[in-house]
Amino acid sequence: MNLSLRPVGAASPLGGWETLEGGGSGRTAPPLPRSAVGSALFEAVAGRVRRRANGGSARAGTGIGTGRPRNTAMPKPDEEEPPRPDGGAEEAGPSGGSREEELPALRPPASPPQILSMSELLETAHEISKLTIAHEIVLNHDFKLQAVNFAPNSLENRVKETLHKAFWDSLKEQLSASPPDYTQAIQLLQEIKEALLSLLLPRHNRLRSQIEEALDMELIRQEAEHGALDIPSLTMYILGTMAMLCAPVRDGEVQRLQSLTDPVQLLREIFRVLDLMKMDMLNFTIQSLRPHLQDHSVQYERKKFQELLEKLHNSLDHTTEWLRKAAAEVAAASSQSPPHPAVSSSPASLSQGAVSSSTAVPSPTSVLNRGYMNLLCWEPGQKEYPETLFMDQARLQEVQSQVNQLTIIAAVLLVTSGMCGSTLFGSPGFVARLKRVTKVLLEGLSCTRYEEALQDISNQVLQEVSRTLSQLGCPAFTNDKCASLKGQIRSIADKDNAVRSIIEQRIHSFLSLFISPNGQNSLKDLPKGLDAIQEELLEVGCRFGSVIHHNRQVFGPYYSEILKKVLLPEPEPEPDAGIDSF
């Protein structure tokens, strides 16, 4: 659906509003580092409950393309799709509702907010966790479940190792006793049987019957009571079954188990490999469900978000403030000289109130686009992230960090080009070397440390310039010119630096094309001065556009309802309205 979101009807701006949803862009987002979003959301819900209990205001704070994840273990080619529990798709992801289904945007609370009980809080946290996982699967190509690994010297790891050692030492004592005590070993065999059965596909009826017969727990208990239990024989059968069920990447792990002779060590390693196999099956199931999730993710996420809103009333305060600020900026810009509808350099502090009725009503599309672009200039720690972008906060902050880094790189190259001229700058490999040095020195740094990094960058750039001049047989820079080059590079640390501001505005202008509902973008749209970073800029733009388009589709009705109130506030009634005059 085209994202127009303009008032419909020329006679009255309140004649009607189109749904604030953009059509899919067809782009896919490269993987980004994951964050503990579910944990952060849970903390936000808990904080909201605590504040309500104390009589404070309720506020929420900070805040997943098809394809096989790299290095993800997959079932062997002769295996079919993984088993799907009844209702599993609905439990793990979106429900199979109609794509035309629309949920009411911003239902007013039917009753005053109530303090959530602990059970309601836990239920809400569980719903947030499911919503977060479904969102991550859709947006993150490389999303997969991984076992928790504690740091080697951490308290958690020491406690875990101590408990495991005590457990397996106890098993060793039982099996070494005379006569052997098989109580604990039988329990482990029961768990192994359950693990093997959980790895079967629905069509594996014969193999299921074989496992049930070979690991008949009643027969095993009788054999143990009569001292006839043959653990080595059972473990060999278990290893053979594991070899049939495991993914090809686990073949080596299973083969190594066959060389173990100590029964305790063998059982311990069997459990370790079974855990890996279960994780492989879970991740393969996720890959199989991803197309279904992509087809229904918008309806699912919107439905779950609405359910959360009904539990946590007044939960879009920060989203409203975010859009109100964007509306004020668009209105102020249109009253002067209108820039690109979605471009924003460092946003100035503007009025936070509703748009003045004396100015023309801004296009809701331009307001929303401005709000999205403002996310690239978000000041961390100073204001709360919009609730509708909660699950994408880490993703967008990563994009923001990359945009800041590309801005500095492009500014350094532009300054160096102006000082060195086309002869030196056109030397083969010169620009690539400067770019590589600058990128390495900026890697992993926040904006607050750019000043320190640019000092090192200026020194490295000057060394590279001097080396290249020497190789080309050109005269070296004078001391004054060297000092000028270093000074201009270091001054890029200032956010108001002219070169940095121009580069930042051009980058934002290019990225704004990626968030337009039906926007097209290509290298021909690349502004001047950005040729050296065009590959990285296209990657960042696709990632940014993918997140924004999905967010626009899911939360379009909410944005539409908020912008109605922000852009077209209801007029106050006249003091004597409704009173007849005499």
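Predicted, not measured: the structure shown is a model, and the values here were computed from it.

Conventions adopted
Numbering of residues starts from 1 in each chain and follows the order in which that chain's sequence is written. Given that the model is predicted, a residue must reach a pLDDT of at least 70 before its local features are reported, and side-chain atom pairs must reach 80 or more before they are shown or counted; all residues, however, enter totals for whole chains, interfaces and linings. The side-chain numbers reported here are obtained from all heavy atoms of the structure, hydrogens and water having been left aside. Between the rings of Phe, Tyr and Trp (Trp by its six-membered ring), a pair exists once the centres lie within 6.5 Å; its type follows the angle of the planes, with under 30 degrees stacked, over 60 edge-to-face, and the other angles tilted. Secondary structure follows DSSP: runs of H or I at least 4 residues long count as helices, runs of E at least 2 residues long count as strands, and numbering of each begins at the N terminus. Only protein chains enter the area calculation, which uses a 1.4 Å probe; residues under 20% of their type maximum are buried, those over 50% are exposed, and those in between are partly exposed. In our convention, an over-ring charge means Lys NZ or Arg CZ found within 6 Å of a ring centre and within 35 degrees of that ring's normal. Only residues whose relative accessible area exceeds 30% and that take part in no salt bridge are eligible for patches, with like-charged residues grouped when within 9 Å of each other and nonpolar side chains (Val, Leu, Ile, Met, Phe, Trp, Tyr) grouped when within 5 Å. Here the Shrake-Rupley method, with its probe set to 1.4 Å, supplies the accessible areas, and only the displayed protein chains count as covering residues. When a carboxyl oxygen of Asp or Glu lies within 4 Å of a side-chain nitrogen of Lys or Arg, that pair is called a salt bridge. Residues scored as positive are Lys and Arg, those scored as negative are Asp and Glu, and His as well as the terminal groups of each chain are ignored. Where a charge lies is defined by one atom per residue type, namely NZ (Lys), CZ (Arg), CG (Asp) and CD (Glu). Here the expected length of a helix is defined as 1.5 Å per residue gap, with one fewer gap than residues. Here a residue-residue contact requires only that any non-hydrogen atoms of the pair lie within 4.5 Å. Throughout, an axis means a line fitted to C-alpha atoms (over the contacting stretch in the case of helices), and angles, computed between N-to-C directions, take values from 0 to 180 degrees. For classification purposes, an angle smaller than 35 degrees is called roughly parallel, one larger than 145 roughly antiparallel, one from 65 to 115 roughly perpendicular, and anything else oblique. In this scheme the crossing of two helices becomes right-handed for a clockwise turn of the near helix relative to the far one and left-handed for an anticlockwise turn of less than a right angle. Charged residues are taken to be Asp, Glu, Lys and Arg, nonpolar residues to be Ala, Val, Leu, Ile, Met, Phe, Trp, Tyr, Cys and Pro, and polar residues to be all remaining types, Gly included. Note that the bend at a residue is defined as the angle between axes fitted to the seven residues ending at it and the seven residues starting at it.

## Observations concerning the packing of aromatic side chains
If you walk through the whole model with that rule in mind, you get 12 aromatic pairs. The interplanar angle of 80° and the centroid separation of 4.8 Å between the aromatic rings of Phe305 and Phe555 together place this pair among those described as edge-to-face. Highlighted residues: Phe305 in helix α10 (residues 263-311) and Phe555 in helix α18 (residues 534-567), separated in sequence by 250 residues. What makes Phe305 buried here is its relative accessible area of 10%. Judged by relative accessible area, Phe555 falls into the buried class, the value being 4%. Judged by centre distance (6.1 Å) and plane angle (55°), the rings of Phe555 and Tyr558 are tilted. Here Tyr558 and Phe555 lie together in helix α18, a separation of three residues that amounts to about one turn. A residue is classified by how much of its surface remains accessible, and Tyr558, at 1% relative accessible area, is buried. The structure contains a cluster of three or more aromatic residues connected by ring pairs, namely Phe305, Trp322, Tyr372, Phe555, Tyr558 and Tyr559. One cation-aromatic arrangement involves Lys481 over Phe477; the distance from NZ or CZ to the ring centre is 4.4 Å.

## Some details on a negative patch on the surface
There is a patch of like negative charges on the surface, built from Glu451, Glu452, Asp456, Asp494 and Asp496. By the element assignment, Glu451 lies in helix α15 (residues 450-472). Given a relative accessible area of 53%, Glu451 falls into the exposed group.

## What to know about the pattern of salt bridges
As enumerated under the stated definition, the model contains 18 salt bridges in all. A salt bridge links Arg433 to Glu464; the nearest nitrogen and oxygen atoms lie 2.6 Å apart. Here Arg433 is found in helix α14 (residues 430-442), whereas its partner Glu464 is found in helix α15, with 31 residues between them in sequence. Since its relative accessible area comes to 23%, Arg433 is described here as partly exposed.

## Topic: helix α5 (residues 183-198)
Along its 16 residues, α5 runs 23 Å from first to last C-alpha, staying within 8% of the 22 Å computed at 1.5 Å per residue. The set of residues buried in α5 consists of Gln184, Ala185, Ile186, Leu188, Leu189, Ile192, Lys193, Ala195, Leu196 and Leu197. Its buried side turned inward, α5 meets α4 (155-176), α6 (205-214), α7 (217-225), α8 (231-245) and α10.

## Quick word on a nonpolar patch on the surface
A contiguous nonpolar surface patch, about 300 Å² in accessible area, is contributed by Leu155, Val159 and Leu163. Note that Leu155 resides in helix α4.

## Quick look at the packing of α8 against α10
Direction vectors running N to C along α8 and α10 enclose 20°, while the axes themselves pass 11 Å from each other. Taken together, the axes of α8 and α10 lie roughly parallel to each other. The two elements α8 and α10 cross, and the hand of that crossing is left-handed. Here Ile231, Thr235, Ile238, Leu239, Met242 and Leu245 of α8 come into contact with α10, specifically with Pro263, Leu266, Leu267, Ile270, Val273, Leu274 and Met277. Considering only residue class, the contact of α8 with α10 consists of 12 nonpolar, one polar and no charged.

## Observations regarding α18
Helix length check: α18, at 34 residues, gives a terminal C-alpha distance of 37 Å against a target of 50 Å (1.5 Å per residue), a shortfall beyond 12%. Along α18, the sharpest kink reaches roughly 70°, centred on Phe555 and followed within four residues by the proline Pro557. Along α18, 25 of the 34 residues are buried, which leaves the element largely enclosed by surrounding structure.

## Some points on the environment of Lys383
Relative to the helices and strands, Lys383 is located in the loop between α12 (364-374) and α13 (393-425). Classification of Lys383 as partly exposed rests on a relative accessible area of 38%. For the pair formed by Lys383 and Trp322, sequence separation is 61 residues and the distance between their alpha carbons is 9.7 Å. When near neighbours in sequence (up to four residues on either side) are disregarded, Lys383 contacts Lys325 and Trp378.

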